[in-house]
Amino acid sequence: MEEICKVSGGKKMETIYKEIDINKIKLNTYNPNEMEDDNFQHLKEEIQRIGLVQPIIVRPDGEEFIVIDGEHRFKICQENKLKTIPCMIADVDENTAKTLTVNLNRIRGSNNYLKYANLLYELDVDLSSDEIMKNLKVSETELAGLKLVTKLPDSKVKKAKHRYIDCPKCNFGIKL
């Protein structure tokens with residue numbers, strides 16, 4: 001089954017549904033989403049009970065594929081020693097994959113703000129602040145606060161873990 005999906009701005013993104021050898025799939029290094037252990041266990045039980053009803057989204061990377069969305073489902077499939085996994089293959093560049101990851105995470109989970117800040121820092125290399133704010137639906141204040149976190153010395157970030165960093169310059173605080 002092959003599909004073509006329209007994305008905003010009238011562009012077309014080709015997506016193809018395919019069962020892929022699980023050994024050809026790797027996790028991305030930038031996913032800021034984390035899942036509580038009890039939610040992960042619940043998801044695992046549901047997949048064991050009824051199977052994987054939602055394919056993961058991947059993008060091609062040479063002969064392999066990188067997960068855009070579905071990291072937790074992918075990990076569960078690995079734990080369950082599945083040989084193949086249903087995937088939607090999205091032919092997108094890395095920056096589009098990163099923005100998709102964040103936007104799709106927002107729907108289902110919460111972000112680790114330190115990882116999220118680092119992801120925005122990486123996007124900031126290739127995209128303007130306006131593009132980041134538009135694509136990720138973040139305010140200028142939130143973006144400034146997240147950028148601030150990436151400039152903190154390691155010692156301050158380690159001390160602040162699981163706490164709150166206040167950004168007096170931008171009237172913004174970040175819960176780590």
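All residue numbers refer to positions counted from 1 along the written sequence of the respective chain. A pLDDT threshold of at least 70 governs which residues receive local features in this predicted model, and a stricter bar of 80 or more applies before side-chain atom pairs are shown or counted, although totals over entire chains, interfaces and linings include all residues. Hydrogens and water molecules were not included; the side-chain quantities draw on all heavy atoms of the structure.

### Side note on the overall build of the protein
To be explicit about the condition: Numbered from the N terminus, helices here are DSSP runs of H or I no shorter than four residues, and strands are runs of E no shorter than two. Categorising residues by exposure relies on relative accessible area from a 1.4 Å probe, with only protein chains included: less than 20% of the type maximum marks a residue as buried, more than 50% marks it as exposed, and the intermediate range marks it as partly exposed. We call two residues in contact whenever any of their non-hydrogen atoms come within 4.5 Å of each other. The Shrake-Rupley method, run with a 1.4 Å probe, gives the accessible areas here. Residue values count only the displayed protein chains as cover.
Helix and strand counts for the protein come out as seven helices and 10 strands. Here the protein holds 176 residues, and the buried ones make up 39% of them. If you take every contact in the protein between residues at least 6 apart in sequence, the share linking residues at least 24 apart comes to 70%. When the accessible area of the protein is evaluated, it comes to approximately 11,000 Å², of which 49% is carbon and sulfur surface.

### Here we look at the environment of Phe74
One can find Phe74 in helix H2 (residues 71-79). Judged by its relative accessible area of 1%, Phe74 falls in the buried class. Residues Phe74 and Pro55, spaced 19 residues apart in sequence, show a C-alpha to C-alpha distance of 9.2 Å. Those residues within four positions of Phe74 in sequence are excluded, and the remaining contacts are Ile22, Ile25, Leu27, Ile56, Val67 and Ile85.

### Examining the confidence of the model for the protein
Let me state the cut-off plainly: What pLDDT reports is the predictor's confidence in each residue, on a scale of 0 through 100.
When pLDDT is averaged across the protein, the result is 79; 76% of the residues are at 70 or more. Element-level mean pLDDT values for the protein span from 43 in strand E1 (residues 2-6) up to 98 in strand E3 (residues 25-26). Per-residue pLDDT stays below 50 along residues 1-9; that stretch engages in 14 contacts with residues further than four places along the chain or on separate chains. The model gives residues 155-172 a pLDDT under 50, and that stretch makes 31 contacts with residues more than four places away or in other chains.

### Examining the state of the cysteines
Applicable threshold: By disulfide we mean two sulfur atoms from cysteines, separated by a distance within 2.5 Å.
Applying the stated criterion to the full structure yields zero disulfides. Cys87 supplies the cysteine sulfur nearest to Cys77, a cysteine that is in no disulfide, at a spacing of 8.8 Å. On the basis of relative accessible area, Cys87 is assigned to the buried category, the value being 0%.

### Points about unusual backbone geometry
Within the chain, Lys81 stands out as a residue other than glycine whose phi angle is a positive 55°. For Lys81, the position within the fold is in the loop between H2 and strand E7 (84-90). By relative accessible area, which is 69% here, Lys81 ends up exposed.

### Quick look at helix H6 (residues 140-150)
Convention followed: By definition, the arc is the one covered by directions from the helix axis to the C-beta atoms.
Taken residue by residue, H6 has Glu142, Leu143, Gly145, Leu146 and Val149 as its buried positions. Angular distribution of buried residues about the axis of H6 spans 160°; they occupy a single face of the element.

### Observations concerning the side chain of Thr101
Summarising the element assignment, Thr101 is placed in helix H3 (residues 94-108). By relative accessible area, which is 1% here, Thr101 ends up buried.

### Remarks on the pairing of strand E6 (residues 64-69)
Quick note on the threshold: Only when DSSP finds a minimum of two bridges between them are two strands counted as paired.
Of all six residues in E6, five are buried, a share of seventy percent or more. Joining the antiparallel neighbours strand E5 (residues 56-61) and E6 is a turn of two residues, in which Gly62 adopts a positive phi near 70°.

### Some thoughts on the side chain of Arg59
Which entries qualify depends on this criterion: When charges are counted, Lys and Arg contribute as positive and Asp and Glu as negative, whereas His and the chain ends are disregarded. By definition, a salt bridge exists where a carboxyl oxygen of Asp or Glu is found within 4 Å of a side-chain nitrogen of Lys or Arg.
Within the secondary structure layout, Arg59 lies in strand E5. Nearest to the buried, unbridged Arg59 among oppositely charged side chains is Glu94, at 4.3 Å. In contact with Arg59, not counting residues within four places along its chain, are Glu64, Phe65, Ile66, Ile68, Ala90, Val92, Asp93, Glu94 and Ala97.

### Some details on H2
Residues of H2 that are buried: Glu71, His72, Arg73, Phe74, Ile76 and Cys77. Of the residues trailing H2, Lys81 is marked for its positive phi of about 55°.

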